[in-house]
Amino acid sequence: MQNGDQHYSMEDETYTDIDGKAISLECQSHSGFCREFTVSSAKVSIGRVMAYTCAVWLSAYIIFFVTENTAVLSSAIIITLVGMMVHIHFVKVDHETLLIIGSLGVQVSSSYASGRESTDFIEMGKIKDIVINEAIHMVRKIKDIVINEAIHMQTVIYYLCILLKDPSDPEAVSSVVPLFQSSKPRLNCLVKVYKSCQEILAKC
Amino acid sequence: MVLKIFFPQCCNKADSGLLVGRWIPGQNSAVVLAVIHYPFIPGQVKQYIHQMRGQSGVDLTVLGSWSMPKEGQEGMESFLRDLSTIFPQGQWLQLSREMGKIGFRCHVLTRDPNGKLIQQEKELKEDGGGEKGGKGGEGKKGGKGGEGEKGGKGGEGKKGGTKKGGGENKVEGEEGGGEKDKVIFIHYEQRKVMLSQLHPVDNGVPDPQTESQLPQVFGTVCQSEPLFFLDKYDDGPVKMTHWQSEGREGSIIVELMKQASTPVCLLTTWILTLWTSLCSSRILNVRPMRFISSKLSTCLQLSYRTEHLQTVCSPTRATAHNHFMRKANIFVSFFVDVSLGLLLVSWMYRENRIGKLANTLVPAADHVAKELEELLQWLMGAPAGLKMNRALDQVLGRFFLYHIHLWISYIHLMSPFIEMILWYVGLSACLGLTFALSLLSDITALLTFHIYCFYVYGARLYCMTVYGLSSLWRLFRGKKWNVLRQRVDSCSYDLDQLFIGTLLFTILLFLLPTTALYYLVFTLLRLVVVMFQGVLHLSVDFINSFPLFAMGLRLFRSYRLAEGVKFRVLCEEPGTPLHLMMDINPLKVSSVVQTYRTPTYSCYPKDSWLALCKKLFLGELIYPWRHKTTKID
């Protein structure tokens, strides 16, 4: 903190995502009108990696035992390696960052487990507002023949999103950009971020 | 609104001087383009800027002063303030930086319409234990202890001139400066921003009032190219620092190619006009020739490439970005195509492989014919255990067998000439790999012409059977097809009409399996050939339309195709305003391909799968790879 920024890490409450896994929120305030929020999801767990690898290789060995074809083993190795690379490069999100700079814009970036970052910047002129929306999250698709089960299968979740202005009609909302899609934090975390953002949006 | 200053990275270590750039209207931002060093004559500076404004079309002005005092030099505070009187502006920026420190400081001087100076201090001093950058921003009592007039208290904040600067000074009951405007320094790399093109590309002339900030910044830097010709080592009236002041970049090869390109372009255009006039001459435009050339994909590819070359070799320079990219893509595609074609030709002709290929062609055709004969013998017997109508079976089988016999005779007639023809025709693969592929497709079409004929016969026969059956079925039920109303109506038939109709219906119904089987077999064969031709056409299409130049740019010079920007907060020292680094966010690979695809005569199947199946069921002839006559983007 030698550069005068103020740094708020995890406070008294621990944050979780909608599935119950622990996540962490870090707020960094670079100046009065520039703040950065980072939500980090759980890292790749060694246990799951080993479980998947063992499952794939065990089945490969069994098939090899049955068919006596060595190509099965090499293809299993290749599949495991390629699958892992694809997973950490394209699927597994390490942390998501929201950088809000008053009167300049909002930058949303996701950083994947392999280090790849995908960034998007939205200018302030296009932003109408930042709000918390509700959505119905379908966990499983099931026909609602039995009413009880149908209710359990759906949950209402909250998500933070940016409303963009329609260029032709300044009062209308043209599109919605949802934030923190991979980490899916719960309402307490979202409210904190929302309040901070609204302070900055109100100033500029 | 916060004041945003876009500052080029190359000027971070520049000597003290004047800032030249542009104010962006409506956004309270300034783009700094260069620094003019001392000593200078104000009159000459004004003249130079006026000249540059005319040349580049950008609204250049002197934005303020930049002071980076070296060791031993004392600060020039009052001198810098006096400069603002020489260049009358609405807002005058005083940026300063001290050696050894990273952060900049900024003072903004404002003039109201009377010319009176109201100084507003934008300097953020560290205030004891005050909350710095905390929530609410109350801690910025920078006016405390600051020297000079606390003009902000007056709260007028009138900004003279035409600049619509945002953020009036509101005195919200706080002492000193009140609600101060803040400053953000955005560092950008000038060379990259100048060479980059922001997507989506705007083709029209945008309205400067409604255009958003980033395109304006990029546009300003791009269009100020005339400003970057003189630098501090030239003997001009002004000495400037900008991205080219460390020496102008150039490459001898590029310069030589630019010089050589004009005569080459003229020559190629002349040759192309000769060629097109030859092609459109009367002799070659006779009906049969036109019909054949529209069916052969090689001729189509030839005309297509001629058009491409005409686009590339036009002597006028491409000004718009899209036009330039298209020319570059076509040129690179053509170059790669021709080199691959030459590689192929050199490989094929090296050990007389083409001779060997020609020698295997006739035996291959014989083999195919023999297989077909066997197939027909099988159909004439009891294929797959089905019982055919003996008479019809024999008729059709003999008919097709005779056709095959004719075909083989023709092939054997041609066999002495095949090698020579193939040798010369194969040379045309020098024109490109696409030509080789189209040739292959055409040769396949010619060699499997008999399969095509069989398919047409079988399909027509089956089609007639099916239509006859459906019409007679309607008669069977007492209905009729009303052509006028395009619907089925009931109709009363005479007894003899009914009798004959029923007889014919029964006959056709019992002959149906035979015709259906022949149709099925030949349709499958035809589909195999069509699939093969389709693959060839798709790959030709791919080579024609894939934007290789844009892809290369995206991989090796990713800053040139920009989707947007990304910001990074730079570590700063306490007491200095916020510094951000603006990097270029390159365009995604999929968007590159989508935006820069060369439009082609698309070869995609024009029917959906469902329509195709319906046509097959009814026996209509299918031509799935028909070339479209208009270009598809």
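Residues numbered from 1 in each chain as written. Chains lettered and ligands numbered in written order. Predicted model: local features only at pLDDT ≥ 70, side-chain atom pairs only at ≥ 80, totals over all residues. Heavy atoms only, no water.

### A few points about the overall build of chain B
Link 1 in the chain: Per the secondary structure count, chain B includes 16 helices and 14 strands.
Link 2 in the chain: With 633 residues in all, chain B has 42% of them scored as buried.
Link 3 in the chain: Long-range pairs, those at least 24 residues apart, make up 71% of the contacts in chain B between residues at least 6 apart in sequence.
Link 4 in the chain: Surface summary for chain B: the accessible area is close to 34700 Å², and the carbon and sulfur share equals 63%. (Helix = DSSP H or I, 4+ residues; strand = E, 2+ residues; numbered from the N terminus. Buried < 20%, exposed > 50% of the residue type's maximum accessible area, 1.4 Å probe, protein only. Contact = heavy atoms within 4.5 Å. Areas by Shrake-Rupley, 256 points an atom, 1.4 Å probe, with all protein chains shown as cover.)

### Details of the UniProt feature "transmembrane region" (unreviewed entry) in chain B
Residues and elements named next belong to chain B.
Link 1 in the chain: Cross-referencing UniProt, the feature "transmembrane region" (unreviewed entry) maps to residues 330-349, 395-414, 421-448, 454-476, 497-521 and 527-550 in the present numbering.
Link 2 in the chain: Annotated as 100% helix and 0% strand, the span residues 395-414 places its first and last C-alpha atoms 29 Å apart.
Link 3 in the chain: Between the first and last C-alpha atoms of residues 497-521 the distance is 35 Å; the span itself is 100% helix and 0% strand. (UniProt positions renumbered as here; feature names shortened; annotations may be inferred.)

### Brief notes about the side chain of B:R97
Residue and element names in this part refer to chain B.
Link 1 in the chain: The topology assignment puts R97 in strand 5 (residues 91-97).
Link 2 in the chain: A residue is classified by how much of its surface remains accessible, and R97, at 12% relative accessible area, is buried.
Link 3 in the chain: Residue contacts for R97: discarding those within four places in its chain leaves N12, K13, W66, S67, M68, P69, I102, G103 and F104.

### Considering the UniProt feature "transmembrane region" (unreviewed entry) in chain A
All names here are of chain A.
Link 1 in the chain: The UniProt record annotates "transmembrane region" (unreviewed entry) at residues 49-66 and 72-91.
Link 2 in the chain: For residues 49-66, the helix share is 100%, the strand share is 0%, and the end-to-end C-alpha distance is 26 Å.
Link 3 in the chain: In residues 72-91, helix accounts for 100% and strand for 0%; the two terminal C-alpha atoms are 26 Å from one another.

### Quick word on the pattern of salt bridges
Residue and element names in this part refer to chain B.
Link 1 in the chain: Inspection of every chain in the model, using the stated rule, returns seven salt bridges over all chains.
Link 2 in the chain: In this structure, D489 and R487 form a salt bridge, with 3.0 Å as the shortest nitrogen-oxygen distance.
Link 3 in the chain: Here D489 falls in the partly exposed class, since its relative accessible area comes to 22%.
Link 4 in the chain: Since its relative accessible area comes to 40%, R487 is described here as partly exposed.
Link 5 in the chain: With a shortest N-O distance of 3.7 Å, K588 and E563 are connected by a salt bridge. Of this pair, K588 sits in the loop between strand 14 (578-586) and helix 15 (589-596) while E563 is found in strand 13 (residues 561-569), placing the two residues 25 residues apart along the sequence.
Link 6 in the chain: Here K588 falls in the partly exposed class, since its relative accessible area comes to 48%. (Salt bridge = Lys/Arg side-chain N within 4 Å of Asp/Glu carboxyl O.)

### Quick word on the environment of B:F229
All names here are of chain B.
Link 1 in the chain: Along the chain, F229 turns up in the loop between helix 4 (213-223) and strand 10 (240-241).
Link 2 in the chain: Residue class for F229 comes out partly exposed when judged on its relative accessible area of 44%.
Link 3 in the chain: Between the C-alpha atom of F229 and that of Q244, which follows or precedes it by 15 residues, the distance is 7.8 Å.

### Let's talk about a nonpolar patch on the surface
Link 1 in the chain: A contiguous nonpolar patch, built from B:Y402, B:L406, B:Y410, B:L413, B:M414, B:F417, B:M420, B:I421, B:W423, B:Y424, B:V425 and B:L427 and spanning about 1200 Å² of accessible area, is present on the exposed surface.
Link 2 in the chain: Mapped onto the elements, B:M414 comes out in helix 10 (residues 390-427). (Patch = residues over 30% accessible without salt bridge, like charges linked within 9 Å, V, L, I, M, F, W, Y side chains within 5 Å.)

### Observations regarding unusual backbone geometry
Residue and element names in this part refer to chain A.
Link 1 in the chain: The phi torsion at F180 lies on the positive side, around 55 degrees, for a residue other than glycine.
Link 2 in the chain: Note on F180: relative accessible area 7%, which makes it buried.
Link 3 in the chain: At K184, a residue that is not glycine, the phi angle is positive and equals roughly 45 degrees.
Link 4 in the chain: Within the secondary structure layout, K184 lies in the loop between strand 10 (173-178) and helix 4 (187-203).

### Concerning helix 10 of chain B
All names here are of chain B.
Link 1 in the chain: Helix geometry: helix 10 is bent most strongly at S415, by close to 60 degrees, with proline P416 lying one to four residues after it.
Link 2 in the chain: If you check which residues of helix 10 are buried, you get D393, L396, G397, F400, L401, I404, W407, I408, I411, I418, L422 and G426.
Link 3 in the chain: At its buried positions, helix 10 is contacted by helix 8 (321-350), helix 9 (353-380), helix 11 (433-447), helix 12 (449-477) and helix 13 (495-545). (Bend = angle between axes of the 7 residues up to and from the residue.)

### As for the state of the cysteines
Here is the idea: a disulfide is a covalent bond, and it sits between the sulfur atoms of two cysteines.
Residues and elements named next belong to chain B.
Link 1 in the chain: Considering all chains together, one arrives at zero disulfides over all chains under this definition.
Link 2 in the chain: A disulfide-free cysteine, C430 has its sulfur positioned 18 Å from the sulfur of C299, the nearest such atom.
Link 3 in the chain: According to the relative accessible area criterion, C430 is partly exposed, its value standing at 29%.
Link 4 in the chain: C453 carries a free sulfur, and the closest cysteine sulfur to it, the one in C463, is 17 Å from it. (Disulfide = S-S within 2.5 Å.)

### Quick word on the confidence of the model for chain B
As a note on interpretation, predicted positions should not be read in detail where pLDDT is low.
Residues and elements named next belong to chain B.
Link 1 in the chain: The predicted model of chain B averages 78 in pLDDT, with 81% of residues at 70 or higher.
Link 2 in the chain: Element-level pLDDT for chain B is lowest in strand 7 (residues 117-120), with a mean of 55, against a maximum mean of 93 in helix 14 (residues 548-556).
Link 3 in the chain: Every residue in residues 121-180 is under pLDDT 50, and counting partners more than four places away or in other chains gives 85 contacts.
Link 4 in the chain: ipTM for the predicted complex: 0.81, alongside a pTM of 0.78. (pLDDT = per-residue confidence, 0-100.)

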